Amino acid sequence: MSVNLQTPIDYLKGVGSNRADLLRKELGIHTYQDLINLFPNRYIDKTHYYKINQLQRNTSEVQITGKITGFKEVTQKRGKRLVATFQDETGTIELVWFRGQKWIRENLKQNLPYVIFGKINWFSGKFSMPHPDIETVDAHKANISSAMQPIYPSTEKLSARGITNKMIIKIIQQIFIESNGKFVETLNDNLLTELKLINKSSALLNIHFPKNQELLARAQFRLKFEELFYIQLQLILKNLIHKSKIKGFSFDKVGDYFNTFFKGHLPFELTGAQKRVLKEIRSDLGSNAQMNRLLQGDVGSGKTIVALMSMLIALDNDFQACLMAPTEILSVQHYNGLFELCKELNIKIEILTGSTKTSKRKQIHEALENGELNILIGTHALLEDKVKFKNLGLAIIDEQHRFGVAQRSKLWKKNTSPPHVLVMTATPIPRTLAMSVYGDLDISVIDELPPGRQAIKTVHRYDANRLMVFKFIRDEIAKGRQVYVVYPLIKENASMDYKDLMDGYESLSRDFPMPDYQISIVHGKMKPADKEFEMQRFIKGETQIMVATTVIEVGVNVPNASVMIIESAERFGLSQLHQLRGRVGRGAEQSYCILMTSHKLSSNSKTRLETMVRTSDGFEIAEVDLRLRGPGDIMGTQQSGVLNLKIADIIKDNDILQHARHQAKKILKENPSLGHPDNSAILETYRSLGKYKNIWNYIS
Ligand code: ADP
Ligand code: MG
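These figures come from a predicted structure and were not determined experimentally.

A.B. asks: How should I be thinking about the sheet that holds strand β5 (residues 114–119) in this particular structure?
C.D. replies: Remark on secondary structure: sheet strands pair via backbone hydrogen bonds, oriented parallel or antiparallel. As summarised here, the arrangement of the seven strands in space is β6-β7-β4-β3-β2-β5-β8, forming an open sheet in which the pairing is mixed. Looking along the sheet, the strands with just one partner apiece sit at the ends: β6 (121–123) and β8 (133–136). Taken over all neighbouring pairs, the strand axes of this sheet differ in orientation by 40° on average, direction set aside. As judged from the six bridges shared by strand β2 (residues 61–75) and β5, these two strands associate in the antiparallel manner. In the sheet register, G66 faces β5, and the bridge partner there is Y114.

A.B. asks: Hey, could you run me through the sheet that holds strand β19 (residues 519–522) in this one?
C.D. replies: Taking strand neighbours across the sheet as the criterion, the six strands line up as β17-β22-β21-β18-β20-β19 in an open arrangement whose pairing is parallel. Two strands close off the open sheet at either side, each with one partner strand: β17 (457–462) and β19. Neighbouring strand axes in the sheet, compared pairwise and without regard to direction, differ in orientation by 20° on average. Sheet topology places strand β18 (residues 482–486) next to strand β21 (residues 561–566); five bridges connect them, and they run parallel. If you follow Q482 over to β21, its bridge partner there is A561. Set on the sheet, helix α17 (residues 466–478) makes contact with β17, β18, β20 (545–548), β21 and β22 (592–597); between it and β22 the angle comes to about 155°. Together, β17, β18, β21 and β22 form the strand contacts of helix α20 (residues 574–581), whose direction differs from that of β21 by roughly 155°.

A.B. asks: Would you take a moment to explain helix α13 (residues 328–342) for this structure?
C.D. replies: Between its first and last C-alpha, α13 extends 21 Å over 15 residues, near the 21 Å set by a 1.5 Å rise per residue. Buried-residue contacts for α13 involve α12 (303–316), β11 (320–324), β12 (349–352), β13 (375–378), β14 (392–398) and α19 (528–539).

A.B. asks: Would you take a moment to explain the pattern of salt bridges for this structure?
C.D. replies: Opposite charge on two side chains allows them to pair when their charged atoms are near. Scanning all chains against the criterion turns up 31 salt bridges. The residue R293 makes a salt bridge to E280 at a minimum N-O spacing of 3.8 Å. One end of the pair, R293, is in strand β10 (residues 292–297); the other, E280, is in helix α11 (residues 272–285), and 13 residues separate them in sequence. Residue R537 is joined to E534 by a salt bridge in which the shortest nitrogen-to-oxygen separation is 3.8 Å. Within this pair, R537 and its partner E534 are both found in helix α19, separated by three residues, close to a single helical turn. According to the relative accessible area criterion, R537 is buried, its value standing at 18%. Taken together, the shared-partner salt bridges connect R276, E280, D284, R293 and D447 into one network.

A.B. asks: Sorry if this is basic, but what is going on with the pairing of strand β3 (residues 80–88) here?
C.D. replies: Regular strands place side chains that alternate from one sheet face to the opposite one. Sheet topology places β2 next to β3; eight bridges connect them, and they run antiparallel. Within the sheet, the bridge partner assigned to K67 lies in β3 and is Q87. Joining the antiparallel neighbours β2 and β3 is a turn of four residues, in which G79 adopts a positive phi near 65°. In this structure, β3 lies alongside strand β4 (residues 91–97), joined through seven bridges in antiparallel fashion. What sits directly across from Q87, in β4, is T92. What sits between β3 and β4 in their antiparallel hairpin is a turn of two residues.

A.B. asks: I would appreciate a short explanation of unusual backbone geometry in the present structure.
C.D. replies: Trans peptide bonds make up most of the peptide bonds, and negative phi angles are found at most residues other than glycine. Cis peptide bonds are those with omega within 30 degrees of zero, and the linkage from M514 to P515 qualifies with 0°. Its place among the elements puts P515 in the loop between α18 (495–511) and β19. Positive phi, close to 50°, is recorded for K196, a residue that is not glycine. Tracing the sequence through the fold places K196 in the loop between α7 (189–194) and α8 (200–208). The backbone of N288 sits at a positive phi, close to 80°, despite the residue not being glycine. Relative to the helices and strands, N288 resides in the loop between α11 and β10.

A.B. asks: I'm lost on the site of ligand 1 in this one. Help?
C.D. replies: Taken together, 15 residues are adjacent to ligand 1, and E269, G300, K303, T304 and R453 come closest. Interatomic distance of 3.5 Å between a backbone N/O atom of S301 and an oxygen atom of ligand 1. In the environment of ligand 1, an oxygen atom lies 2.6 Å from a nitrogen or oxygen atom belonging to the side chain of T304. Look at ligand 1: alone it shows 560 Å² of surface, and the protein chains cover 74% of it.

A.B. asks: Explain the environment of P488 here, please?
C.D. replies: Looking at the element boundaries, P488 is found in the loop between β18 and α18. Residue P488 is classed as buried on the basis of its relative accessible area, which comes to 2%. Residues P488 and E570 lie 82 residues apart in sequence; the distance between their C-alpha atoms is 9.4 Å. The contact partners of P488, leaving out residues within four places of it in the chain, are D497, E567, S568, R571 and F572.

A.B. asks: Hey, could you run me through the packing of aromatic side chains in this one?
C.D. replies: In this description, a pair of aromatic rings is defined by centroid distance and the angle of the planes. All told, the structure shown has 13 aromatic pairs when counted by the stated rule. Aromatic pair F229 and Y230: ring centres 5.1 Å apart, planes at 85°, arrangement edge-to-face. Y230 shares its class with F229; the two are buried. Within the aromatic cluster, the residues linked to one another by ring pairs are F176, F183 and F209. Its end group placed over the ring of F512, R474 keeps NZ or CZ at 4.9 Å from the ring centre.

Criteria and cut-off values
Residues numbered from 1 in each chain as written. Chains lettered and ligands numbered in written order. Predicted model: local features only at pLDDT ≥ 70, side-chain atom pairs only at ≥ 80, totals over all residues. Heavy atoms only, no water. Pairing = 2+ DSSP bridges. Helix = DSSP H or I, 4+ residues; strand = E, 2+ residues; numbered from the N terminus. Axes fitted to C-alpha atoms, helices over the stretch in contact; angles between N-to-C directions. Contact = heavy atoms within 4.5 Å. Expected span 1.5 Å × (residues − 1). Salt bridge = Lys/Arg side-chain N within 4 Å of Asp/Glu carboxyl O. Buried < 20%, exposed > 50% of the residue type's maximum accessible area, 1.4 Å probe, protein only. Near = heavy atom within 4 Å. Polar contact = N/O pair within 3.5 Å; in protein donor to acceptor, adjacent residues only side chain to side chain. Areas by Shrake-Rupley, 256 points an atom, 1.4 Å probe, with all protein chains shown as cover. Phe/Tyr/Trp six-rings, centres within 6.5 Å; stacked < 30°, edge-to-face > 60°. Lys NZ or Arg CZ within 6 Å of the ring centre and 35° of its normal.

Shown next, in the form of C-alpha cells:
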C-alpha cells in the first residue's frame with residue numbers, strides 16, 4: 001500500500017502544525033507531493049574521501065576518515081577554543097571549536113573511527129577544520145543521505161525558525177520510509193524504454209539522495225524530461241482542442257485582389273522567408289479552423305507586405321480586414337504605406353485613431369457596417385464598441401506586446417465568429433522559449449532580411465569621446481543624413497532622466513546651433529499634438545537631429561536617418577537597444593549605431609554592449625538577453641506559469657525540451673484521447689495536472 005501523496009504535511013512524522021505552517025507560507029509546500037517535489041538546489045559531493053596528505057591549500061570542502069588522538073584547550077583574547085588533533089594514516093590536521101565545547105568533550109571519543117566533513121583552512125603552516133560535521137563510521141554508513149548531501153531551497157525565515165537543511169532532509173527521508181520508497185509511475189513503458197529513463201521511484205530517490213553522480217544525472221534527466229513533457233502535452237492538446245472547437249472562416253480562394261497585386265503591383269521580389277510565411281498563413285486561412293498565429297520577424301524583415309497580402313486573401317473571400325498598431329504615428333505610417341501599395345487595386349482603406357474627427361468617424365463607422373470599407377487601419381480606437389464590422393475576417397495586430405490580452409480579446413468579439421488573428425512582433429522570442437510559452441500558438445518566422453541591406457555599423461564609445469562623435473554627426477548631416485539621439489527613460493516621470501534629456505538637448509543645441517541646424521525633441525511629458533508636430537518635422541526632413549526618449553522605439557520609419565546615438569546605453573536592456581538600432585538602416589545609405597556609456601560598467605552591461613557590437617541577429621540577441629535576465633523577465637512571460645519550472649531550465653535544457661515536444665506530439669498523433677491502455681499512466685498524470693491552469697492563454 002503506497003502512501004497518499006495528497007496527505008497534508010501536518011501528518012508527516014517530525015513536522016507538526018507550526019512547521020507545517022512555515023513550510024506552507026515560505027515554500028508553498030502543502031502536501032507530501034509538494035515536499036517530494038522540492039528538489040535540491042545543489043549537492044555536496046561526499047562520494048570522495050580525501051587523505052590528509054592530498055589536501056591542497058585551495059581545497060575547500062573535504063571529507064576525511066580518521067580518528068581523534070587528543071584534545072587541547074587554547075586560551076585566546078575572547079574565551080577559549082577547543083582543538084582536537086585528527087589523524088589518518090597519512091598525516092594530521094586540527095579540528096577547532098569555538099562554541100559547544102562541553103558537548104564535544106563529553107560526546108566525541110578518542111581513537112574511534114570518525115568521518116569528518118567541512119571547510120578546511122590553511123593557517124600558519126597547518127590545515128584546520130572549524131566546526132566539522134562529524135559522525136562515526138558506522139552511523140555514516142547507515143545514513144542514506146551520506147553520499148551526496150542535498151542542499152534544499154530555503155528562506156531566511158525558515159532558517160531563523162529552525163527549519164534547517166538537516167531538518168528538511170529528515171522529513172523527506174520520512175516520506176521515503178512511510179512509502180517504502182515506492183512512488184506511482186507517471187510515464188508509460190514505451191517512453192521509459194525508448195529514452196532509457198529510470199523509473200519514478202528510482203528518480204525520486206536519486207534526486208534527493210543520489211548514490212553517485214551518474215545516478216544523479218539520470219534522475220535529473222528523467223525528471224526534467226517529465227516536467228517538460230507534460231507542459232508540451234498540455235500546450236499541444238490545448239491547441240488541438242482549440243482547432244477542433246473554434247470554427248474559423250474558410251478562405252477557400254485566392255482571387256483577383258491577391259493575384260492582381262502579386263502579378264502587377266508587388267514593388268519587389270518577396271524573400272524566401274516571406275513566401276514561406278505567406279504559405280503558412282494561407283494554409284491556416286483555408287483550413288476551417290480559426291488562425292491564431294504569431295509572426296516573428298526582425299525589424300525591417302518585411303512583415304508589412306505579408307500583412308497586406310494576407311488581408312488581400314480575406315478581401316478575395318468577401319471579408320473585411322483590420323490592422324491595429326500601438327501608436328498613432330505607426331498607424332499613419334501603415335496607412336500611408338498600404339494606401340500607396342493598393343491605390344490601383346480598387347480597395348477602400350481607411351484609418352481610425354483617437355484624433356479622427358467626429359464627422360469622419362461617422363463615415364467610417366457607416367462604411368464599415370455596410371461593407372463598403374475593406375480595410376481599416378488604426379490604434380486602440382478600433383476596439384471601441386461603436387466600431388462594428390460587417391464581416392471582419394482577419395485581424396492583424398502589429399507589435400503585440402503593447403496590447404494587453406484583454407484588449408486583444410475585444411477584437412475577437414467583434415464578430416459572431418472569431419476572425420483569424422495574426423499577431424506580428426519585432427521582438428524576437430528565442431525559439432526555445434516561444435515553444436514553451438506559446439506552444440499553443442502557431443508560429444511563423446521571417447528569418448531573412450530583404451537583399452541589399454547594408455549591415456548597420458555598431459560601435460561602443462565612452463563619454464570622453466563625445467567630441468569625435470559630434471564631429472561624426474556633423475559630417476553625416478553635411479552628407480544630408482539625419483540623426484537620432486536617444487536618452488533612457490527608465491521610469492516614467494523620473495526627473496533625473498528628464499534632466500539628462502534636457503541637458504543633452506541643450507548641449508546639442510550649443511554644438512549644433514540654429515539656423516544651420518534644426519533639432520526636434522520628443523518625450524513622454526509632451527502633449528500628443530506637440531509630439532506629433534516634432535515627429536513630423538523630422539519625418540519631413542525639416543530637422544536634422546531628433547532628440548528623444550524611447551518613445552521612438554517602435555516602428556518609426558525615416559529612411560534618411562542613418563545615425564542612431566544611444567546615450568547611457570548601459571542602462572538599456574538588450575531588446576530595447578536592438579529595437580532602437582532598427583530605426584536606422586532603412587535606406588540605401590550606410591547606417592551607424594553609436595552606444596555611448598560612462599567608463600563604469602557592470603559585467604552584465606559589458607556583455608550587452610559587446611553583443612550589440614558583435615551581431616544584429618535579433619534571435620541571437622534575444623538568446624543572450626534571455627540568458628542574462630532569465631525567462632521570468634522577458635516581456636509578457638511573467639504571466640506564464642509555464643516558466644515556474646521546478647527542475648528543468650528552458651535555456652540549458654533545450655535538448656530535453658526538443659525530445660519532450662517530439663514525444664508529446666508523437667503520442668498525441670497516435671492516440672489523441674490518450675485512452676489507449678499503454679497511455680494510462682500519462683492520462684492519469686495529465687488529469688491530475690488539471691489544477692495547473694496557469695498557462696497563459698495568449699489570445700482568447
Ligand atoms: P518590418 O518587418 O520591420 O515591419 P517593413 O515591412 O516595414 O519591416 O519593411 C521594411 C522595409 O523593407 C520596407 O521599406 C519594405 O518596403 C522593404 N521590403 C520588405 N520586403 C522586401 C523585399 N522582399 N525586398 C526588398 N525590400 C523589401
Ligand atoms: Mg513594422
